[in-house]
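# Report on the structure
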Amino acid sequence: MEYLICLLKKKRLNHGRPKDSFIWKYFNEDENGEYRVCQVKVPVSINHPDGRCNKKYRNISTTTNTINHLVKSHKIVQLNETTKGIYNI
Ligand SMILES: [Zn+2]
């Protein structure tokens, strides 16, 4: 039990911004640091009055959700050797 609590505490300490991720070109943290907010430009509409996507994701250590969002909603992929091959960019 104590071991489990220790693990949970460690996980909490690790949360936050993985500094080296490319998603920070497209996401900002909100004022509390609780959410990542998508800043990708989209056509201005009722849902997007400021012309930004503004999709929010919890600011946790993993970037999977945000990367999936960039790929699916904006066709944005990380440009590195791996994706170059897959997406033929
Ligand atoms: Zn978005």
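As a starting point, this report considers the structure included with it. (Residues numbered from 1 in each chain as written. Predicted model: local features only at pLDDT ≥ 70, side-chain atom pairs only at ≥ 80, totals over all residues.)

### As for the overall build of the chain
Within the chain, the regular secondary structure consists of three helices and three strands. For the chain, the succession of helices and strands along the chain, N to C, is α-β-β-β-α-α. Scored against the burial criterion, the 89 residues of the chain give a buried share of 10%. For the chain, the share of sequence-separated contacts (at least 6 apart) that also reach a separation of at least 24 residues comes to 36%. (Helix = DSSP H or I, 4+ residues; strand = E, 2+ residues; numbered from the N terminus. Buried ≥ 20, exposed ≤ 12 C-beta atoms within 10 Å, placed from the backbone. Contact = placed C-beta atoms within 7 Å.)

### Focus on unusual backbone geometry
Even without glycine at this site, asparagine 54 takes up a positive phi of about 60°. Examined against the element boundaries, asparagine 54 turns out to sit in the loop between strand 2 (35–38) and strand 3 (56–58). Not every positive phi belongs to a glycine, and lysine 75 is a case in point at roughly 60°. Of the residues examined, lysine 75 has 8 C-beta atoms within 10 Å and is grouped as exposed.

That is the geometry; function is a separate question.
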